[in-house]
2 protein chains.
Amino acid sequence: MTLTDIFEKIDSNHKRYVQELVELLSIPSVSTYSRHKGDVQRAGEWVVNMCRRLGMEARLYPTAGHPVVYASHCPHPDRPTLLIYGHYDVQPPEPVDEWLTPPFQPTVRDGFVYARGASDDKGQFLTYLKAIEVVMAVRGEVPINVKVLVEGEEEIGSPHLGDFLRRHKDLLKADAIAISDGSQFAPDVPAITYGLRGLAYFQLDVTGPRVDLHSGSFGGLVMNPIQALSAILCSLKEGGDRVAVPGFYDDVADMAPWEREEMESLPLDLANLKEYLGVEVLCGEEGYSPMERKTARPTLDINGVWGGFAGEGAKTVIPSKAGAKVSMRLVPNQDPDKIAGLFRAHVAKVCPPGVQLKVTHLHSAQPVLVSRDLPQVQAAARAIHTGFGKDPVFIREGGSIPIVNLFQEELGLDAILLLGWGRPDDGAHSPNERFSLEDFRRGIRSAVALLYELAGEGA
Amino acid sequence: MTLTDIFEKIDSNHKRYVQELVELLSIPSVSTYSRHKGDVQRAGEWVVNMCRRLGMEARLYPTAGHPVVYASHCPHPDRPTLLIYGHYDVQPPEPVDEWLTPPFQPTVRDGFVYARGASDDKGQFLTYLKAIEVVMAVRGEVPINVKVLVEGEEEIGSPHLGDFLRRHKDLLKADAIAISDGSQFAPDVPAITYGLRGLAYFQLDVTGPRVDLHSGSFGGLVMNPIQALSAILCSLKEGGDRVAVPGFYDDVADMAPWEREEMESLPLDLANLKEYLGVEVLCGEEGYSPMERKTARPTLDINGVWGGFAGEGAKTVIPSKAGAKVSMRLVPNQDPDKIAGLFRAHVAKVCPPGVQLKVTHLHSAQPVLVSRDLPQVQAAARAIHTGFGKDPVFIREGGSIPIVNLFQEELGLDAILLLGWGRPDDGAHSPNERFSLEDFRRGIRSAVALLYELAGEGA
């Protein structure tokens with residue numbers, strides 16, 4: 001039985017696979033709405049039953065929130081183990097009016113299935129279950145060990161996943177984890193994401209006079225908290241849009257020339273991007289390309305600012321308080337805690353006299369860089385070549401993925417395979433979310449190939 | 001009949017005057033609450049009836065809002081005319097819980113009458129009516145011509161006063177206007193306010209990307225509107241807390257050395273002021289004293305700022321929009337329109353690329369400086385000396401008084417006599433507002449003396 005035979009079986013089963021996906025997509029498993037708690041549970045049970053039907057041991061683990069599906073099939077003590085991650089919960093469908101067909105009545109048109117959760121993440125994680133199914137059907141077992149972890153709280157920030165990982169370290173032991181919860185670089189440009197930026201997120205609270213003051217009576221006499229805050233915020237960047245926090249760039253691992261070259265060869269359509277963003281000019285750090293700026297260079301953004309009067313018309317007030325949210329995207333080898341120290345020292349130094357400054361460190365994430373030399377990564381690349389008929393590009397993402405940090409920190413997993421089967425315009429989190437049936441098919445093929453590649457039985 | 005005799009009559013009538021004030025204060029004429037519309041009307045009628053009882057011609061003029069009381073007694077075509085302004089409406093009493101006695105059950109204790117509107121402005125404008133009454137009673141007529149204008153919408157911004165002034169220019173013709181709606185410099189330090197700062201108030205709206213963006217995916221690629229706004233806000237001030245808008249100080253009329261000296265001799269308690277403001281250090285423009293900074297120097301304040309995420313926790317967003325309210329306090333001879341032009345040119349120049357900036361000019365007020373050489377001002381100073389037993393200090397206020405601008409612009413009145421009988425700690429707009437009965441008495445005495453001084457029959 002060759003991969004070609006299995007791929008033929010995938011094609012002949014395709015209709016049934018789509019029917020099953022439609023069935024799962026019909027369950028409105030919106031994790032953030034308590035009124036959908038039963039639906040979320042039902043979706044979890046659907047996944048458990050599906051795993052059992054494939055011949056895996058499966059159960060639903062309760063958590064303090066929505067349950068976690070865990071299933072395994074580990075027939076080979078001497079072979080590698082792949083952990084597969086997915087989530088069966090979905091974003092709220094709102095605004096429902098903007099959907100052409102109802103979000104939980106999956107509809108196929110023009111080669112796409114339209115429904116909330118189609119691409120994020122039901123359609124994507126189902127590819128692994130269908131891959132396991134078809135391999136089990138043909139071969140009686142998978143050529144490696146597989147463990148499946150599908151949670152129900154990803155869209156609300158995975159509040160109980162860390163605890164679950166800590167409690168089940170041994171159960172979840174694996175040599176690699178596959179996560180298909182993103183997208184190809186562009187349609188028909190499959191990708192492996194090997195880098196994620198980290199994060200250090202702060203709140204600044206500036207307090208001046210004890211109460212709001214009349215700016216006529218006291219203007220000119222006290223430091224205005226918004227003025228002080230603006231001075232601090234201004235001090236965070238310098239010419240060429242560089243972050244001006246002293247020491248900020250000290251630990252940045254520059255990309256090798258080959259990596260920069262590779263990144264520049266990615267087909268990034270700047271005109272399209274500007275139109276999408278609605279800006280006339282792109283900005284960013286001097287000396288780096290747009291692709292580098294948004295993925296491989298650290299940045300600083302002010303995420304929010306507030307203070308004083310924001311209503312209609314004019315109110316002549318000197319506010320007592322003002323504040324801002326400021327976050328830095330970090331790259332290897334920057335450490336969020338070290339950056340936090342530098343940030344605190346800098347803002348304390350530049351804060352003008354006459355106000356009190358409070359700095360709160362709200363959130364951190366380590367930057368992630370998966371070594372492309374890892375055999376599991378190379379196996380994934382070959383599997384995608386087999387499944388998609390073309391080599392994947394290697395990309396870095398500008399954001400963080402909290403669950404990736406969890407898997408690194410709690411399970412010590414280095415071989416993190418971020419394999420997005422979807423497309424950037426699938427509309428995850430938007431109305432009319434969709435998933436290409438061709439991507440569904442290629443995802444299943446790639447997942448099958450990955451099982452074989454990790455077993456050393458590649459095409 | 002000398003002033004001394006009249007003052008004795010004031011003393012012997014004092015109890016009745018207070019009873020009448022208590023009666024007026026019992027009417028909850030809160031102009032901003034539509035449920036008090038009838039009470040506001042009733043307070044206006046009370047004032048009309050009081051004026052008629054004194055022998056004045058009086059009527060209530062309807063407006064599109066609350067009515068205006070107008071009364072006059074003009075027996076001397078060849079003598080000067082004094083226009084007296086006041087307002088019979090009051091601020092809302094909230095928070096009512098914090099009043100020791102109910103806001104509309106006037107209570108006398110420790111020499112003060114406590115009620116909403118006691119000092120602002122019922123107690124203060126009533127001094128003029130009682131002065132006219134006592135002079136009429138003693139002499140049969142006042143020695144000059146008097147016109148009384150008491151409006152019912154001051155606490156909601158006098159929305160219909162300008163229209164009323166424009167329609168009744170001839171009726172309101174006068175040689176001076178007396179306004180007692182403020183306070184002495186300090187208890188027992190009576191004052192004449194001869195300067196007010198002007199105002200130029202703007203809103204800045206900065207627009208970047210067409211929608212809020214994920215700061216992970218796009219951080220480093222687009223100009224963040226809050227960053228652009230912060231750069232603009234920062235550029236508005238330079239070292240020594242000077243306004244950095246080019247040309248801003250060009251038309252500033254510096255104070256003469258004698259005026260600065262006089263200002264420095266005012267008893268300003270800096271330790272008290274800092275405690276009141278709740279700040280450890282006072283700030284402001286280098287080279288000027290606190291008193292100058294808050295009254296005689298132009299300033300710039302950011303009155304509000306907004307943009308992006310201001311909720312609890314962390315949201316990694318690059319907002320599409322950010323905005324701010326910015327106002328400048330102006331001094332003679334700065335012109336709000338000229339300043340607006342300078343401000344617009346400056347912010348347009350410093351706005352970074354990658355965002356759109358919209359500047360809206362929301363509000364203007366001309367600075368006011370009443371010449372102390374005017375005979376009417378000198379008459380008022382002598383009247384206060386007679387009424388309070390001490391010379392007034394001459395002060396500038398840091399704020400604007402919109403009605404003063406209206407009287408200047410609509411009636412062309414230069415001789416604006418801002419004579420506050422109240423005290424800075426009377427609690428106008430606060431719970432437990434009060435008015436000193438001694439100030440009430442001295443206000444009536446001073447008002448009487450003013451009628452005589454303006455007639456050239458001073459003490």
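Since the model is a prediction, treat every value here as computed from it, not as a measurement.

A count of helical and extended segments in chain A gives 13 helices and 20 strands. Against the compact-globule benchmark of 23 Å for 459 residues, chain A has a radius of gyration of 25 Å, which places it among compact chains. Taking the principal axes of its C-alpha atoms as reference, chain A extends roughly 85 × 50 × 45 Å. A burial count over chain A gives 61% of its 459 residues as buried. Contacts spanning at least 24 positions in sequence make up 80% of the contacts within chain A whose residues lie at least 6 apart. Carbon and sulfur atoms provide 49% of the accessible area of chain A, an area that totals close to 17,400 Å². Taken as two groups, the 46 positive and 61 negative side-chain charges of chain A have centres that lie 3 Å from each other.

A few words now on unusual backbone geometry. Cis geometry marks the peptide bond from Asp 120 of chain A to Asp 121 of chain A, where omega comes out at 10°. Position of Asp 121 of chain A among the secondary structure elements: in helix H3 (residues 118-139). For the bond running from Glu 94 of chain B to Pro 95 of chain B, omega is -5°, close enough to zero to count as cis. Here the phi dihedral of Asp 188 of chain B falls at roughly 70°; this positive angle occurs in a residue that is not glycine. Mapping Asp 188 of chain B onto the fold places it in the loop between strand E7 (176-179) and strand E8 (191-196). Backbone geometry places Asn 432 of chain B, a non-glycine residue, at a positive phi of 60°. Among the structural elements, Asn 432 of chain B can be located in the loop between strand E19 (416-420) and strand E20 (434-436).

Our next topic: the side chain of Lys 294 of chain A. Here Lys 294 of chain A lies in helix H9 (residues 290-295). Although Lys 294 of chain A is buried, it makes no salt bridge; Glu 397 of chain A carries the closest opposite charge, 5.9 Å away. Those residues within four positions of Lys 294 of chain A in sequence are excluded, and the remaining contacts are Arg 197 and Gly 398 of chain A together with Gly 216, Ser 217, Gly 219 and Leu 221 of chain B.

Time to look at the relation of the copies chain B and chain A. Mapping chain B onto chain A is achieved by rotating through 180° and translating by 0.1 Å along the same axis, at an RMSD of 0.1 Å. In symmetry terms, the pair is related by a two-fold rotation axis. The C-alpha atom lying nearest the rotation axis in chain B is that of Trp 306 of chain B; the distance is 2.3 Å.

Residue and element names in this part refer to chain B. Strand order in this open sheet of three strands is E4-E5-E20, and the pairing throughout is antiparallel. The open sheet has two free edges, formed respectively by strand E4 (107-109) and E20, since each of these has just one partner strand. Within the sheet, the average angular offset between the axes of one strand and its neighbour, ignoring direction, is 25°. Contacts from helix H13 (residues 437-454) reach E4, strand E5 (112-114) and E20 within the one sheet, and its direction differs from that of E20 by about 60°.

What follows deals with the packing of aromatic side chains. Pairs of aromatic rings are described using the distance from one ring centre to the other and the angle between the two planes. Counted under the stated rule, the structure contains 22 aromatic pairs over all chains. With a centroid separation of 6.1 Å and 65° between ring planes, the pair formed by Phe 435 of chain A and Phe 440 of chain A is classed as edge-to-face. Judged by its relative accessible area of 0%, Phe 440 of chain A falls in the buried class. Look at Phe 388 of chain B and Trp 421 of chain B: their rings are 6.0 Å apart centre to centre, the planes differ by 35°, and that puts the pair in the tilted class. Of this pair, Phe 388 of chain B sits in helix H11 (residues 375-388) while Trp 421 of chain B sits in the loop between E19 and E20, and the two are 33 residues apart along the sequence. Judged by its relative accessible area of 1%, Trp 421 of chain B falls in the buried class. Chaining the aromatic ring pairs together yields one cluster made of Tyr 61, Tyr 70 and Phe 164 of chain A. When the ring centre of Tyr 33 of chain A is taken as reference, the NZ or CZ atom of Arg 35 of chain A above it lies at 4.3 Å. Of note, Arg 210 of chain A hangs over the ring of Tyr 276 of chain B, and the distance from its end group to the ring centre comes to 5.2 Å.

To continue, consider the pairing of strand E13 (residues 299-308) of chain B. Taking burial as the measure, the 10 residues of E13 of chain B include eight buried ones, the bulk of the element. Here strand E13 (residues 299-308) of chain A pairs with E13 of chain B via five bridges, running antiparallel. Bridging from a neighbouring strand, Gly 307 of chain A pairs with Val 305 of chain B of E13 of chain B. As judged from the eight bridges shared by E13 of chain B and strand E15 (residues 321-330) of chain B, these two strands associate in the antiparallel manner.

Glancing now at empty space enclosed by the protein. Summed over all chains, the structure comprises five cavities of 30 Å³ or more. What the largest cavity holds in volume is close to 100 Å³. Together, 16 residues line the largest cavity, and Lys 237, Asp 241, Thr 299 and Leu 300 of chain A together with Gly 220 of chain B are the ones closest to its centre. For the lining of the largest cavity, the element with the highest residue contribution is E13 of chain A, accounting for three residues. Residues that form the lining of the largest cavity fall into these classes: six nonpolar, four polar and six charged. In this structure, the second largest cavity encloses a volume near 60 Å³. Every residue lining the second largest cavity is listed: Gly 220 of chain A together with Lys 237, Asp 241, Val 243, Tyr 249, Gly 284, Glu 285, Arg 293, Pro 298, Thr 299 and Leu 300 of chain B. Looking at the lining of the second largest cavity residue by residue, the classes come out as four nonpolar, three polar and four charged.

Right, let's get into the interface of chain B and chain A. Interface size is often expressed as the accessible area that is lost when the parts come together. Chain B puts 71 residues into the contact, and the matching count from chain A is 71 residues. If you sort the residues of chain B by the area they bury against chain A, Leu 221, Leu 277 and Val 305 of chain B come out on top, with a joint share of 12%. Summed over the shared surface of chain B and chain A, the number is zero salt bridges. Counting across the chain B and chain A interface gives 32 residue pairs in polar contact (both at pLDDT 80 or more). With nine residues, E13 of chain B is the single largest residue contributor to the side of chain B that touches chain A. Looking at the side of chain B that touches chain A, its residues break down into 31 nonpolar, 26 polar and 14 charged.

Ile 132, Leu 149, Phe 407, Val 448 and Leu 450 of chain A are the most contacted members of the largest nonpolar core, which has 93 residues in total. Sequence-distant contacts of Ile 132 of chain A, defined by excluding residues within four places in its chain, comprise Leu 54, Met 56, Ile 84, Val 142, Val 146, Val 148 and Leu 451 of chain A. Formed by 92 residues, the second largest nonpolar core is a distinct cluster that contains Ala 131, Val 135, Ala 176 and Ala 383 of chain B.

Turning our eyes to something else, we now look at the pattern of salt bridges. Taken as a whole and judged by the stated rule, the model has 53 salt bridges over all chains. Across the salt bridge formed by Arg 442 of chain A and Asp 188 of chain A, the nearest N and O atoms sit 2.8 Å from each other. You can see Arg 442 of chain A sitting in helix H13 (residues 437-454) and its partner Asp 188 of chain A sitting in the loop between strand E7 (176-179) and strand E8 (191-196), a full 254 residues away along the chain. Judged by its relative accessible area of 7%, Arg 442 of chain A is buried. On the basis of relative accessibility, which here comes to 34%, the residue Asp 188 of chain A falls in the partly exposed class. Residue Glu 20 of chain B pairs with Arg 16 of chain B through a salt bridge whose shortest N-O separation is 2.9 Å. Pair noted here: Glu 20 of chain B and Arg 16 of chain B are both in helix H1 (residues 3-25), with a separation of four residues, about one helical turn.

Glancing now at the side chain of Glu 20 of chain A. Judged by relative accessible area, which is 10%, Glu 20 of chain A ranks as buried. At 2.5 Å, the side chain of Glu 20 of chain A forms a polar contact with the side chain of Lys 130 of chain A.

So, about the domain arrangement of chain A. All names here are of chain A. Under the domain assignment, chain A is made up of domain 1 (3-196 + 367-454) and domain 2 (198-257 + 269-364). Between the C-alpha centres of domain 1 and domain 2 there is a distance of 36 Å. In this assembly, 10 residues from domain 1 lie in contact with 13 residues from domain 2. Both sides of the domain 1 and domain 2 interface together cover about 860 Å² of buried area, and 61% of this is carbon and sulfur. On the domain 1 side of the contact with domain 2, Pro 367, Arg 396 and Gly 398 bury the most area, a combined 64% of that side's loss. Our count for the contact surface shared by domain 1 and domain 2 stands at zero salt bridges. Inspection of the domain 1/domain 2 interface yields one residue pair in polar contact (both at pLDDT 80 or more). When grouped by side-chain class, the residues that make up the side of domain 1 that touches domain 2 number five nonpolar, three polar and two charged.

Rules used throughout
- Residues numbered from 1 in each chain as written.
- Chains lettered and ligands numbered in written order.
- Predicted model: local features only at pLDDT ≥ 70, side-chain atom pairs only at ≥ 80, totals over all residues.
- Heavy atoms only, no water.
- Helix = DSSP H or I, 4+ residues; strand = E, 2+ residues; numbered from the N terminus.
- Rg over C-alpha atoms; globule rule 2.2 N^0.38 Å.
- Buried < 20%, exposed > 50% of the residue type's maximum accessible area, 1.4 Å probe, protein only.
- Contact = heavy atoms within 4.5 Å.
- Areas by Shrake-Rupley, 256 points an atom, 1.4 Å probe, with all protein chains shown as cover.
- Lys, Arg positive; Asp, Glu negative; His and termini not counted.
- Charge placed at Lys NZ, Arg CZ, Asp CG, Glu CD.
- Salt bridge = Lys/Arg side-chain N within 4 Å of Asp/Glu carboxyl O.
- Least-squares fit on C-alpha atoms with pLDDT ≥ 70 in both.
- Pairing = 2+ DSSP bridges.
- Axes fitted to C-alpha atoms, helices over the stretch in contact; angles between N-to-C directions.
- Phe/Tyr/Trp six-rings, centres within 6.5 Å; stacked < 30°, edge-to-face > 60°.
- Lys NZ or Arg CZ within 6 Å of the ring centre and 35° of its normal.
- 1 Å grid on protein atoms, 1.4 Å probe; cavity = no way out; pocket = protein on both sides within 12 Å on 5 of 7 lines; lining within 4 Å.
- Points joined across faces, edges and corners; volume = space filled by probe spheres on them.
- Nonpolar A, V, L, I, M, F, W, Y, C, P; charged D, E, K, R; others polar.
- Buried area = accessible area lost by both parts, 1.4 Å probe.
- Polar contact = N/O pair within 3.5 Å; in protein donor to acceptor, adjacent residues only side chain to side chain.
- Core = buried A, V, L, I, M, F, W, Y, C linked by side-chain atoms within 4.5 Å.
- Domains from an automatic or database assignment.

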